[in-house]
Every structure is written in C-alpha cells, then in structure tokens.
Amino acid sequence: MCGIIGYIGTKKAKPILINGLLRLEYRGYDSAGIATIENDGIKVVKEKGRIANLNSIEEINTLEGTIGIGHTRWATHGKPSAENSHPHYDNTNTFAVVHNGIIENYHELRKLLEDKGYTFFSDTDTEVIPNLISYYYKKEKDFLKSVKKACDDLKGSFALEILCKDYPDNMIVVRQDSPLVIGKGLNENYISSDIPAILSFTKDFYFLNDREFAVLSRKNIEFYDNDLNKIEKPIKSIEWNTASAEKDGYDDFMLKEIYEQPNAIRETIGSKLSEDKISFNDFSISKEYLQSLNKLYIVACGTAMNAGYTVKNTFESLCKIPVEVEIASEFRYKDPLVDEKTLCIFISQSGETADTIAALKLAKEKGAKTLAMANVIGSSITREADYCIYTHAGPEIAVASTKAYTSQVVLLNILALYFAEVLDTVSKKEISKLKEELLELPKKAELALRTVAEIKNFSSIVYKETDMFFLGRGLDYYSALEASLKLKEISYIHSEAYAAGELKHGPIALIENDVTVIGIITNPLLVEKTVSNMQEVITRGAKTLVITNQELNNSQFFKVINIPKTEPCFAPVLSIIPLQLLSYYISKAKGLDVDKPRNLAKSVTVE
Ligand code: AGP
C-alpha cells in the first residue's frame, strides 16, 4: 500500500526522503514523488515507476529545502502515471499533500469544488484534499484550522502530510484509519508510514490516534485533538535495532527473515515464559472472566489467519472453550454471534490491516472484549483493543510473512497454555510437558532450517510447474494452507491446499501424471490416513514430496524431508520452515522479485 515519509530539520530533506522511500519500497508501489519547501515556494517532483525513475529526473537535484514530504503510490483511483502520483498541489500551489488511504466521498467533494471554480489535473481521490484545504484557507487564513475543516469533510481513510508555502517551518500530519508514525530527533523530526523506514534516524516515536493532528517544527511537535484542543502524547522507545531492518548480507529480506525464525521464536517465548511460569506483563485475565466465556473468536487476514487456524484445536482441547476462526473481511460484514461472553482475538503482524481493525471495532460495539496480537508496537490495532500482546519477531520487511507467522503460532500456543493454567482445565503434568517442549522449539527450528539443501534441490526440479497441491490432516492441513499461500504469493504458481480426507470428494480429479503433491505428516495419530491419501495420488502419477517428523516407508514417495519431532500442537512451527524455503527457492529459480511480489502490499491498509 502507499507509503509516506516526511522530514523537517536542518539537513537537506531530499536525500532523507529518497532514503525513506527506498525503505518503504517493500510495501508495494507503482509511482513515487517528493515535495520540499524552497525559497520560492513548494516544489513537487514525481514520476511513474520505481524510485530510480524519480531520482533520475533532473529537477530533483535542484531541491535544497530542509522540510519535505514523500510518497510511494499503490494505485487505487487512476492508473499509475506522473499526474496521479503524489504529492498533489492545490490550484494555487500553496499546499502540497501526500495521502495514504481512500477518500470515499471524493466524487461529491470534487463536484463541489469544481462548481466553485477549482480544476483537477489527476484522476485521484487525493487531489480534493489540497483544494479543500485551500478553499477553507481563504476564509480561515490559518493552516491548522483549514486542515481540520477539510478533514471534517472527508469520509474514508487517510494518513496525510501537508505542506503550506506560507508556513515554511511547519508540517501538519493527521490520520484516520491509516498508519502514520512520528519519529522524534534532535532539532529534527520524521514522519513515516511505519517504523523501519526511519529506524536509522531515531528510536523515539509518537503514535497518533484517529483524528489527532500534529504540527511539526524543527524543535517541537504539538498535538491537537479533533476539536483542536492541545493534547499531550506519550513518547515510546522502540527496541528494534537498525540491522534488523537491513538485509545483512542475505540476498533478500525473505530469506533473512526465514533464518531469523529460531531467534524470533526464542524472543517470543522468552517474553512470556520464564522458569516454567507463563506471565503476560501486558495483560492479566481472571479465572472468573475466562469461565464466563462461551466462545473464543480468532479473526485475521491471510497468513495471520492461518496462524489462528493452527491453534483452534489446541485452545478447544486445552481450555474447553469453542473457538471460531474467521476471515476479518467476512466477519466485519456479517452479524457475528458475539457478545460480552465472547473474547475476540485479532492477529496482525502490521497491526494496520484495515479489515482486521474494522472487525475489531465491530466486536467491541457488540460488547465483546478484544485482544490484539501484533508485531508492530504502537500500531493501530494495539491502540483499539482492550488487551494487547506482542510477538517479538522484529521488523518483517518481505511481503511474504514468515517469522511473524511462526511467532504468532508460538504466542497463540502460549496463550492457550496460559488460559488452560488459569482455568485449571489441564493437569499440571501435561502443562509442564508442553512448556518444556516449547523451550525446545528455537533449537528445533534451527534443525528444520538444515533442510535447505534438499529443498533447494527439489525446487530446481519443480519450479516450472503451473499447479501444485498441498495435503494434510488436522493441524497439518492448516500448515498446508499457509504453505500454499506462500507459494502463490511469491512464485505465482497456482496451488491448492486440501484437508487430505477431502481429496476423494473432488480434487483428485485434477491429479494426473507428474503433478506435484506435497504432503505434511506430523501427527502420529493421523499418519496412516494421510499416507493412504498420498498413495492415491501416487497411483495417479503424482510427484510427491513429504514433510514429516514420523518414520515412513520413504521409498514410496519421490522425496521425503525430515523435520524434528515435537508435540503435535507445535508441529506447524517446524513444518512450515522447509515449505517457506521451497517457495523462496522456486521464486528465485524463476527469477522473480521475492520481497516485492507483483500486486501485493506488505500492509493492506485499505479494504
Ligand atoms: C502474508 O504472506 C501476506 N502478505 C498476507 O496474507 C498478510 O499476512 C495479511 O495481509 C495480513 O497482514 P497483517 O498480519 O499485517 O494483518
């Protein structure tokens, strides 16, 4: 999705903005632009395509200003073109605006402004914003008041950075349902859509709530609520180090993040489990409250939802509470059976996914308590929820989620254990056994990474395929869903995941000679069942890969890759690792851009 960056300080803004935009590249974009305030007013330079295109425009080298805004655009309204790129001016070139989000009522606002004599030069929804501000500025003669009045007219989502040529020492930012962070430096301040892009400049951040305004100068930041009353905001220090947002010698962020998993899992466990005791400093929950629940709802999108699936059975068997797992974009548009007896858990790496946030707001309206699980500190979802817990995966830059997924699975399991402990629904012996095994997971994840050579070899055999199938039973089915999603995302190979028992109810019709079928077999109780499903596809000529921690008759399969044994509830953490590597190496073999797959964005901040 669109990325925004801003700088106000004593240094030249242009290189800082370009550097920030490069760091936001992973969010996905099709055009880019920057604006700075120069001695003779605001200068905008923008171009379709990559940041390199923008940087090759001669005019960009004339920008000397020390205050500026920048944007990477992911087209929603209007095709990718220089005209549709941000920043956008108003008709008098007094204001320049960059915007992330969607203005839902832009048609009517544009009409209203056109009737008043304003001209539009792009097809975007954004261009109404600088013109609306300009319209109010004629009467108000005040930057902040005009921005506030314009925002009152906007329906939809927005994170805005605004420059005004009459206020060369200020920048105003405001947000509504779109991400924006403010980084505090010494005599300089930064704006970004997310933390990693400005992590090399500062570790101190402010987070705006919806409809809060910040007026930035070089030394100060003033905050205002929606009625323009001055407010105080707490500053938060972020522990992530700069190296964690760099490739660090790896070819791609995705590969680096796959290899960071043992540590991400270790950090996530370490944050909650010490000396055999699970404690959530971030929240506590009473036995009475948990006993009052008749349902847990787990709601998320994409990979985060796949993480949710992997713990449904575990929560149910350990805590004896029914669990529903639902796609956020479905949950938000139905009438979910949710009330004060439901605890809704929302999982999101970024904490900025529009559908997940909307689903959370709906659950709250319906009286449920909400628990957010996020990776990004201070992200929107963490500020909306009643309770909040964090995975400790560090910044995840690659579009395809890897270390966030395994950290989510681990943290959800810890949460299930914690609830079971509070509820007293499982014997102490069973809990201790699971805790002991949990502590073994980082080491076992390291062992799972050692499958890399075999996986690389298998990738070189199958990378030209056009279809693949993933099969599994129980939790292995959910791992199959995640493996299939990874493959689609970065290799553009069509793939399907099925609960292995469903095979003969339809999908087996697609199996023919040489089709690749990947089976995941980790649950000792289900081994025979899945093996017999795999035999059904072998009979029909399929090329089979099996990921397993069980002893099988290997000769029946084309290839078997062994991963370490663990408790069945933790198996998804390990079985996904070779399959992440598989999609990575297939993508590389096809010569694709692994970190920035086509049409995808890292955080999906619009519907
Ligand atoms: C993961 O590989 C995907 N890029 C995508 O499915 C992602 O998990 C989804 O958009 C949810 O993102 P979130 O965790 O930031 O909410």
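In short, a report on the structure. (Residues numbered from 1 in each chain as written. Predicted model: local features only at pLDDT ≥ 70, side-chain atom pairs only at ≥ 80, totals over all residues. Heavy atoms only, no water.)

1. Comments concerning the pairing of strand E24 (residues 494-499)
Piece 1. Looking at chain direction, strand E23 (residues 467-472) and E24 are connected through six bridges and run parallel. Following the sheet pairing, Met468 is matched in E24 by Ser495.
Piece 2. In this fold, E23 hands off to helix H16 (residues 475-491), which returns the chain to E24; that crossover is right-handed. (Pairing = 2+ DSSP bridges. Helix = DSSP H or I, 4+ residues; strand = E, 2+ residues; numbered from the N terminus. Right-handed = clockwise from strand over helix to strand, strands pointing away.)

2. Brief notes about empty space enclosed by the protein
Piece 1. Here the structure, examined in full by the defined rule, presents two cavities of 30 Å³ or more.
Piece 2. In this model, the largest cavity occupies a volume close to 190 Å³.
Piece 3. Forming the walls of the largest cavity are 22 residues, and the residues nearest its centre are Tyr26, Asp194, Ile195, Ser350 and Val376.
Piece 4. In terms of residue class, the lining of the largest cavity is built from ten nonpolar, six polar and six charged.
Piece 5. Within this model, the second largest cavity holds a volume of roughly 70 Å³.
Piece 6. Lining the second largest cavity are Cys2, Arg73, Trp74, Thr76, His77, His86, His99, Gly101, Thr124, Asp125 and Thr126.
Piece 7. Its residues assigned to classes, the lining of the second largest cavity comprises two nonpolar, seven polar and two charged. (1 Å grid on protein atoms, 1.4 Å probe; cavity = no way out; pocket = protein on both sides within 12 Å on 5 of 7 lines; lining within 4 Å. Points joined across faces, edges and corners; volume = space filled by probe spheres on them. Nonpolar A, V, L, I, M, F, W, Y, C, P; charged D, E, K, R; others polar.)

3. Quick word on the site of the ligand
Piece 1. Lining the immediate environment of the ligand, one finds 14 residues, of which Ser348, Gln349, Ser350, Thr353 and Glu489 sit closest.
Piece 2. Separating an oxygen atom of the ligand from a backbone N or O atom of Gln349 is a distance of 2.7 Å.
Piece 3. Contact distances for the ligand include 2.8 Å between an oxygen atom and a backbone N or O atom of Ser401.
Piece 4. Isolated, the ligand exposes 410 Å² of accessible area, and the fraction of that covered by the protein chains is 91%.
Piece 5. Mapped by element, the contributors of at least two residues to the shell around the ligand are helix H9 (302-319) and H16.
Piece 6. The element contributing the most residues to the shell around the ligand is H9, with three residues.
Piece 7. A breakdown of the residues in the shell around the ligand according to their chemical character gives five nonpolar, seven polar and two charged. (Near = heavy atom within 4 Å. Polar contact = N/O pair within 3.5 Å; in protein donor to acceptor, adjacent residues only side chain to side chain. Areas by Shrake-Rupley, 256 points an atom, 1.4 Å probe, with all protein chains shown as cover.)

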